[in-house]
Amino acid sequence: MRAPQSNVTLYGRSCTVCSHTHVGDIDAGLVAHLPIAQLARQFDVSRDSLYRHLKWHLRPALQEVLTSTPETRPVALVERLAEIANDARAARATAYAAGNSQLGARLGEAERRALDSLADRFQINHDSVAADRTKVSQLARALDTALDASPELASLVADALDAEGLSELAEDMRADLPSNPKTKGLTS
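These numbers come from a predicted model, not from an experiment. (Residues numbered from 1 in each chain as written. Predicted model: local features only at pLDDT ≥ 70, side-chain atom pairs only at ≥ 80, totals over all residues. Heavy atoms only, no water.)

## Focus: the overall build of the chain
Counting secondary structure elements, the chain contains eight helices and zero strands. Ordered by position from N to C terminus, the α and β elements of the chain give α-α-α-α-α-α-α-α. Expressed as a percentage of the 188 residues in the chain, the buried residues total 23%. Taking contacts inside the chain between residues at least 6 apart in sequence as the whole, the part at least 24 apart equals 36%. A total accessible area of about 13700 Å² is found for the chain, and carbon and sulfur atoms account for 56% of it. (Helix = DSSP H or I, 4+ residues; strand = E, 2+ residues; numbered from the N terminus. Buried < 20%, exposed > 50% of the residue type's maximum accessible area, 1.4 Å probe, protein only. Contact = heavy atoms within 4.5 Å. Areas by Shrake-Rupley, 256 points an atom, 1.4 Å probe, with all protein chains shown as cover.)

Spelled out as C-alpha coordinates, the structure:
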(Lines give C-alpha, C1' and ligand atoms only; values in the text may rest on other atoms or scores of the structure.)
Protein backbone atom coordinates (compact mmCIF):
# COMPACT_ATOMS: atom_id res chain seq x y z
CA MET A 1 0.00 0.00 0.00
CA ARG A 2 1.48 3.37 -1.00
CA ALA A 3 1.60 6.38 1.25
CA PRO A 4 -0.56 9.34 0.27
CA GLN A 5 1.31 12.12 -1.53
CA SER A 6 -0.34 14.91 0.50
CA ASN A 7 -1.86 15.46 3.91
CA VAL A 8 -5.05 13.71 2.79
CA THR A 9 -5.83 10.45 4.58
CA LEU A 10 -6.73 7.21 2.87
CA TYR A 11 -10.38 8.10 3.46
CA GLY A 12 -10.17 11.40 1.58
CA ARG A 13 -10.24 13.57 4.70
CA SER A 14 -7.53 16.05 5.64
CA CYS A 15 -5.05 14.73 8.23
CA THR A 16 -5.92 16.38 11.54
CA VAL A 17 -2.28 16.38 12.61
CA CYS A 18 -0.98 17.92 9.35
CA SER A 19 -3.59 20.67 9.64
CA HIS A 20 -3.01 21.22 13.39
CA THR A 21 -1.63 24.62 14.41
CA HIS A 22 1.17 22.91 16.36
CA VAL A 23 2.13 20.31 13.72
CA GLY A 24 5.84 21.13 14.11
CA ASP A 25 5.73 20.47 17.85
CA ILE A 26 3.76 17.26 17.31
CA ASP A 27 6.25 16.05 14.69
CA ALA A 28 9.14 16.91 17.02
CA GLY A 29 7.47 14.89 19.78
CA LEU A 30 6.98 11.92 17.46
CA VAL A 31 10.58 12.08 16.28
CA ALA A 32 11.72 12.26 19.92
CA HIS A 33 9.67 9.10 20.62
CA LEU A 34 7.44 10.79 23.19
CA PRO A 35 4.50 8.60 24.21
CA ILE A 36 1.58 8.81 21.77
CA ALA A 37 -0.89 9.09 24.68
CA GLN A 38 1.02 12.09 26.06
CA LEU A 39 1.04 13.84 22.67
CA ALA A 40 -2.65 13.09 22.17
CA ARG A 41 -3.53 14.73 25.50
CA GLN A 42 -1.13 17.63 25.07
CA PHE A 43 -2.33 18.60 21.57
CA ASP A 44 -5.93 17.39 21.82
CA VAL A 45 -5.77 14.95 18.91
CA SER A 46 -6.71 11.29 18.85
CA ARG A 47 -4.09 8.60 19.22
CA ASP A 48 -5.33 7.04 15.99
CA SER A 49 -4.72 10.34 14.16
CA LEU A 50 -1.19 10.45 15.54
CA TYR A 51 -0.49 6.87 14.47
CA ARG A 52 -1.87 7.54 10.96
CA HIS A 53 0.15 10.73 10.67
CA LEU A 54 3.28 8.95 11.84
CA LYS A 55 2.80 6.11 9.37
CA TRP A 56 1.60 7.98 6.28
CA HIS A 57 3.04 11.46 6.52
CA LEU A 58 5.91 11.78 8.97
CA ARG A 59 7.84 8.57 8.21
CA PRO A 60 7.86 9.07 4.42
CA ALA A 61 8.96 12.67 4.90
CA LEU A 62 11.76 11.64 7.27
CA GLN A 63 12.86 8.84 4.94
CA GLU A 64 13.07 11.30 2.06
CA VAL A 65 15.18 13.67 4.15
CA LEU A 66 17.48 10.86 5.28
CA THR A 67 18.08 9.59 1.76
CA SER A 68 18.49 13.02 0.17
CA THR A 69 20.67 14.75 2.78
CA PRO A 70 24.36 14.34 1.90
CA GLU A 71 25.37 14.15 5.57
CA THR A 72 23.42 10.90 5.99
CA ARG A 73 25.01 9.01 3.11
CA PRO A 74 26.61 5.79 4.36
CA VAL A 75 30.11 7.14 3.72
CA ALA A 76 29.31 10.32 5.64
CA LEU A 77 27.96 8.26 8.54
CA VAL A 78 31.12 6.15 8.59
CA GLU A 79 33.26 9.29 8.49
CA ARG A 80 31.24 10.74 11.38
CA LEU A 81 31.68 7.55 13.44
CA ALA A 82 35.42 7.74 12.80
CA GLU A 83 35.42 11.41 13.91
CA ILE A 84 33.55 10.47 17.09
CA ALA A 85 36.08 7.73 17.85
CA ASN A 86 39.01 10.10 17.21
CA ASP A 87 37.45 12.88 19.31
CA ALA A 88 36.78 10.43 22.14
CA ARG A 89 40.39 9.19 21.96
CA ALA A 90 41.76 12.75 22.17
CA ALA A 91 39.39 13.67 25.01
CA ARG A 92 40.28 10.45 26.85
CA ALA A 93 43.99 11.30 26.67
CA THR A 94 43.27 14.81 27.96
CA ALA A 95 41.12 13.47 30.80
CA TYR A 96 43.80 10.98 31.90
CA ALA A 97 46.50 13.66 31.65
CA ALA A 98 44.38 15.90 33.90
CA GLY A 99 44.06 13.08 36.42
CA ASN A 100 40.37 12.42 35.77
CA SER A 101 40.46 8.65 35.32
CA GLN A 102 36.69 8.24 35.70
CA LEU A 103 36.00 10.57 32.75
CA GLY A 104 38.86 8.98 30.83
CA ALA A 105 37.29 5.55 31.29
CA ARG A 106 33.87 6.79 30.09
CA LEU A 107 35.46 8.41 27.05
CA GLY A 108 37.36 5.21 26.34
CA GLU A 109 34.04 3.36 26.38
CA ALA A 110 32.57 5.93 23.94
CA GLU A 111 35.53 5.40 21.62
CA ARG A 112 35.12 1.62 21.83
CA ARG A 113 31.40 1.86 20.98
CA ALA A 114 32.11 4.05 17.94
CA LEU A 115 34.81 1.66 16.74
CA ASP A 116 32.54 -1.33 17.38
CA SER A 117 29.85 0.34 15.24
CA LEU A 118 32.34 0.76 12.42
CA ALA A 119 33.53 -2.83 12.78
CA ASP A 120 29.92 -4.09 12.76
CA ARG A 121 29.07 -1.97 9.73
CA PHE A 122 31.97 -3.46 7.76
CA GLN A 123 31.81 -6.89 9.40
CA ILE A 124 35.36 -6.58 10.65
CA ASN A 125 36.80 -8.63 13.46
CA HIS A 126 40.40 -8.98 14.61
CA ASP A 127 40.87 -12.35 12.93
CA SER A 128 39.55 -11.14 9.57
CA VAL A 129 41.84 -8.09 9.61
CA ALA A 130 44.89 -10.24 10.35
CA ALA A 131 43.91 -12.73 7.63
CA ASP A 132 43.35 -9.91 5.14
CA ARG A 133 46.78 -8.43 5.90
CA THR A 134 48.41 -11.80 5.32
CA LYS A 135 46.57 -12.24 2.02
CA VAL A 136 47.52 -8.73 0.86
CA SER A 137 51.16 -9.42 1.69
CA GLN A 138 51.08 -12.72 -0.21
CA LEU A 139 49.35 -11.06 -3.16
CA ALA A 140 51.97 -8.30 -3.25
CA ARG A 141 54.82 -10.83 -3.32
CA ALA A 142 53.14 -12.86 -6.09
CA LEU A 143 52.43 -9.73 -8.12
CA ASP A 144 56.01 -8.54 -7.70
CA THR A 145 57.33 -11.89 -8.98
CA ALA A 146 54.95 -11.85 -11.97
CA LEU A 147 55.78 -8.24 -12.85
CA ASP A 148 59.52 -8.94 -12.73
CA ALA A 149 59.01 -11.84 -15.15
CA SER A 150 56.78 -9.91 -17.56
CA PRO A 151 57.32 -6.21 -18.33
CA GLU A 152 54.22 -6.34 -20.57
CA LEU A 153 52.14 -7.36 -17.54
CA ALA A 154 53.68 -4.52 -15.52
CA SER A 155 52.65 -2.08 -18.24
CA LEU A 156 49.08 -3.45 -18.21
CA VAL A 157 48.90 -3.18 -14.42
CA ALA A 158 50.20 0.40 -14.60
CA ASP A 159 47.47 1.25 -17.13
CA ALA A 160 44.86 -0.33 -14.85
CA LEU A 161 46.18 1.70 -11.90
CA ASP A 162 45.84 4.86 -14.01
CA ALA A 163 42.25 3.91 -14.80
CA GLU A 164 41.58 3.53 -11.05
CA GLY A 165 42.94 7.01 -10.39
CA LEU A 166 46.20 5.77 -8.86
CA SER A 167 48.47 7.66 -11.27
CA GLU A 168 51.34 8.11 -8.81
CA LEU A 169 51.53 4.36 -8.18
CA ALA A 170 51.30 3.71 -11.94
CA GLU A 171 54.19 6.10 -12.60
CA ASP A 172 56.29 4.35 -9.93
CA MET A 173 55.60 1.03 -11.63
CA ARG A 174 56.47 2.39 -15.09
CA ALA A 175 59.71 3.85 -13.71
CA ASP A 176 60.77 0.33 -12.75
CA LEU A 177 60.14 -1.17 -16.21
CA PRO A 178 63.37 -2.44 -17.88
CA SER A 179 62.64 -0.61 -21.14
CA ASN A 180 62.35 2.69 -19.30
CA PRO A 181 65.60 4.72 -19.35
CA LYS A 182 64.73 6.12 -15.91
CA THR A 183 65.11 2.67 -14.38
CA LYS A 184 67.92 2.48 -11.84
CA GLY A 185 71.07 0.71 -12.99
CA LEU A 186 70.53 1.20 -16.74
CA THR A 187 72.78 3.42 -18.80
CA SER A 188 71.78 5.38 -21.87
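## Some thoughts on the environment of Arg-92
Here Arg-92 is to be found in helix 4 (residues 74–97). Overall, the relative accessible area of 25% leaves Arg-92 in the partly exposed class. It is 9.4 Å that separates the C-alpha atoms of Arg-92 and Ala-110, two residues lying 18 residues apart in sequence. Residues contacting Arg-92, with those up to four places away along its chain left out, are Gly-104, Leu-107, Gly-108 and Glu-111.

## Considerations on the nonpolar core
Counting residues in hydrophobic clusters, the biggest one holds twelve residues: Cys-15, Val-17, Ile-26, Leu-30, Ile-36, Leu-39, Ala-40, Phe-43, Val-45, Leu-50, Leu-54 and Leu-58. Elements supplying a minimum of two residues to this core: helix 1 (23–31), helix 2 (36–43) and helix 3 (47–68). For this core, the element with the most residues is helix 2, which contributes four residues. In contact with Val-17, not counting residues within four places along its chain, are Val-23, Ile-26, Ser-49, Leu-50 and His-53. (Core = buried A, V, L, I, M, F, W, Y, C linked by side-chain atoms within 4.5 Å.)

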